[in-house]
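Remarks on the overall topology
Residues per chain are reported as follows:
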Amino acid sequence: MNRAKAIRGEEDRAALSRSASVESELEHVLATEEELIPSSGFLASVMERVQEEAARPAPIPFPWKRAVPGILAVAGVVAWGAVDLIRSGVAQPGIAAPSWLALVPPHLSAAAVLPVESAGWVALALGASLASWLLSRRLAGRGGLL
Amino acid sequence: MKAPTSADADLAAVERVLAGDVTAFEEIVRRWQAPLVNMAWRYCRDRGRAEQMAQDAFVRAWRGLAHWRRESSFSSWLFALAANVYRSELKRFPTETLPLDAAPEPSRPASQHNEAERRERCEVVRRAVLALPPRYREPVILFYFHEMDLAAAARSLGLPEGTLKARLSRARALLRQRFPHLNEERAAIESSALVTGKEAAQ
């Protein structure tokens, strides 16, 4: 029994020492790497690319100040559209209304079912087109309607 | 790999570049070209590609020089940036590597008698590093690139030292499994070198 234990112990020690020696060889192989010397034209080619970069005009920053109103308007329209879509879905029988819809003023719900609803959408689209046209003219530096 | 560097010289060159002197960047490239090319080489083991990747890293450094916060040394910033560039480059166009299990086993000790064979075997082991899963590959590359400086490798990777240590240990275990006879080979080389030496002496 003791002999078997001793043999097992020796085997374990041998395996451990083998593993340690493989590890040290791995360390040796990975740590001893020959050094590459960059080719003679490397510095010149890097500097050529850097000079090209330096000669390039600086990128125009995105005009956040001017874009924010437009982004907000679009977000508003999308949100309104989503609410409207859900409300029209709710109007169908058998679909439960989400509780937060109760917070929407009742006149909106009345407007949603008016027959002139499609005319409203057309007006909104025309308004948005006009606004974007005016904005683009303004950004291009031209004032007025024409 | 230790770079012939002086933090003050780097800082002065960076200040000049930021003041509009493009040629001052040449000084930086001259000082750091060898480390960056060697680092790239360890990522791809292709000389031409390594130079291309190092060039991209320098151009990226040029663009981002103004973003270098002086909290860390210039070299730490540059190595971390280069590691990012190399990582994304290899993600776009991976190197052709065999899976770790399919990497050729180095020849057995009986046939190991010359330097060329020994080099070839070492190269097989180094290439096997590229076949490791990415989370273990990069720690191995950067740890040995930084001459086993754990802190420097952790800075380049942006990882805590403990995490890096754990990944290195797992990577070594994978490599040990792949090359279980590595120590025997070395012993054979050393004994064959000893015999050759003795014969030459006689």
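Residues numbered from 1 in each chain as written. Chains lettered and ligands numbered in written order. Predicted model: local features only at pLDDT ≥ 70, side-chain atom pairs only at ≥ 80, totals over all residues.

**Looking at the overall build of chain A**
Worth spelling out the cut-off: Note on conventions: DSSP H or I runs of at least 4 residues are helices, E runs of at least 2 residues are strands, and numbering of each starts at the N terminus. Partly exposed residues are those falling between the two cut-offs: more than 12 but fewer than 20 other C-beta atoms within 10 Å of their own, whereas 20 or more means buried and 12 or fewer means exposed, with C-beta atoms placed from the backbone.
The helix and strand inventory of chain A stands at five helices and zero strands. The linear arrangement of helices and strands in chain A, starting from the amino end, is α-α-α-α-α. Burial statistics for chain A: of 146 residues in total, 6% are counted as buried.

**Some details on the interface of chain B and chain A**
We count it as follows: In this description, a residue-residue contact is defined by the distance between C-beta atoms placed from the backbone, which must lie within 7 Å.
Taken residue by residue, the interface counts 33 residues in chain B and 26 residues in chain A. Breaking the side of chain B that touches chain A down by element, the ones donating at least two residues are α2 (24–44), α3 (47–64), α5 (115–130), α6 (134–145), α8 (161–178) and α9 (182–201) of chain B. Here the side of chain B that touches chain A gets nine residues from one element, more than from any other, and that element is α2 of chain B.

**Focus: helix α2 (residues 42–55) of chain A**
The test is simple: What a helix is expected to span follows from its residue count: subtract one and scale by 1.5 Å. What the arc describes is the spread of directions from the helix axis to the C-beta atoms.
The end-to-end C-alpha separation of α2 of chain A is 20 Å, in line with the 20 Å expected for 14 residues at 1.5 Å each. Listed in full, the buried residues belonging to α2 of chain A are Phe42, Val46 and Val50 of chain A. Angular distribution of buried residues about the axis of α2 of chain A spans 60°; they occupy a single face of the element. Set apart from the buried face of α2 of chain A by more than 90 degrees, the exposed residues are Ala44, Glu48, Glu52 and Ala55 of chain A. At its buried positions, α2 of chain A is contacted by α2 and α3 of chain B.

**Examining the environment of Ala57 of chain B**
All names here are of chain B. Counting through the fold element by element, Ala57 comes out in helix α3. Measuring from C-alpha to C-alpha, the distance between Ala57 and Val37 comes to 9.7 Å, with 20 residues separating the pair along the chain. Each residue touching Ala57, except ones within four places of it in the same chain, is listed here: Leu36, Leu81, Ala82 and Val85.

**Points about the nonpolar core**
Residue and element names in this part refer to chain B. Stated formally: We define the nonpolar core as any set of buried residues of the types Ala, Val, Leu, Ile, Met, Phe, Trp, Tyr and Cys, connected via C-beta atoms lying within 7 Å of each other. The source of the domain bounds is an automatic or database domain assignment.
Formed by 56 residues in total, the largest nonpolar core has its most connected members in Leu36, Ala40, Ala57, Ala82 and Val140. With 11 residues, α2 is the single largest residue contributor to this core. If you count residues domain by domain, this core takes at least three from each of domain 1 (7–92) and domain 2 (100–201). Apart from residues lying up to four places away in sequence, Leu36 is in contact with Ala54, Ala57, Phe58 and Ala82.

**Brief notes about the packing of α2 of chain B against helix α4 (residues 74–92) of chain B**
Residues and elements named next belong to chain B. Defined as follows: Angles shown run from 0 to 180 degrees and are taken between the N-to-C directions of axes, each axis being a line fitted to C-alpha atoms and, for helices, limited to the stretch in contact. For any pair of crossing helices, the crossing counts as left-handed if the nearer helix is rotated counterclockwise from the farther one by less than a right angle, and right-handed if it is rotated clockwise. Each residue receives one of three labels: charged for Asp, Glu, Lys and Arg, nonpolar for Ala, Val, Leu, Ile, Met, Phe, Trp, Tyr, Cys and Pro, and polar for the others, Gly being one of them.
Direction vectors running N to C along α2 and α4 enclose 35°, while the axes themselves pass 10 Å from each other. Like other packed secondary-structure pairs, α2 and α4 cross with a definite hand, here right-handed. Here Trp32, Leu36, Met39, Ala40, Tyr43 and Cys44 of α2 lie close against α4, whose contacting residues are Leu78, Ala82, Tyr86 and Leu90. Residue composition of the contact of α2 with α4, by class: 10 nonpolar, no polar and no charged.

**Quick notes on unusual backbone geometry**
Residue and element names in this part refer to chain B. Residues other than glycine seldom take positive phi values, yet Arg45 does so here, at roughly 55°. Relative to the helices and strands, Arg45 is located in the loop between α2 and α3. Using a count of 16 C-beta atoms within 10 Å as the deciding quantity, one classes Arg45 as partly exposed. In this structure, Met148 takes a positive phi of about 60° despite not being glycine. By secondary structure assignment, the location of Met148 is in the loop between α6 and α7 (150–157). Residue classification places Met148 among the partly exposed positions, given that 13 C-beta atoms sit within 10 Å.

**Things to note about the environment of Leu36 of chain B**
Residue and element names in this part refer to chain B. Its location among the elements puts Leu36 in helix α2. Leu36 sits in the buried class, given 30 other C-beta atoms within 10 Å. Once the C-alpha coordinates of Leu36 and Glu51 are considered, the two residues, 15 residues apart in sequence, prove to be 8.5 Å apart.

**Quick word on the confidence of the model for chain A**
The predicted structure's coordinates, where accompanied by low pLDDT, should not be read in detail. Quick reminder of the rule: The pLDDT value tells you how sure the predictor is about a given residue, anywhere from 0 up to 100.
Looking at chain A, pLDDT values average 76 and 62% of them are 70 or higher. No element of chain A has a lower mean pLDDT than helix α4 (residues 106–112) of chain A, at 55, and none a higher one than α2 of chain A, at 94.

**Here's the deal with the packing of α2 of chain B against α3 of chain B**
All names here are of chain B. Short version of the rule: Angles below 35 degrees are treated as roughly parallel, those above 145 as roughly antiparallel, those between 65 and 115 as roughly perpendicular, and all remaining angles as oblique.
Two numbers describe how α2 lies on α3: the axes approach to 8 Å, and their chain directions differ by 135°. Considering the angle they form, α2 stands oblique to α3. As α2 runs across α3, the sense of the crossing is right-handed. On α3, the residues that touch Phe25, Val29, Gln33, Leu36, Val37, Ala40, Trp41 and Cys44 of α2 are Arg47, Arg49, Ala50, Glu51, Met53, Ala54, Ala57, Phe58 and Trp62. Among the residues making up the contact of α2 with α3, the classes are represented as 13 nonpolar, one polar and three charged.

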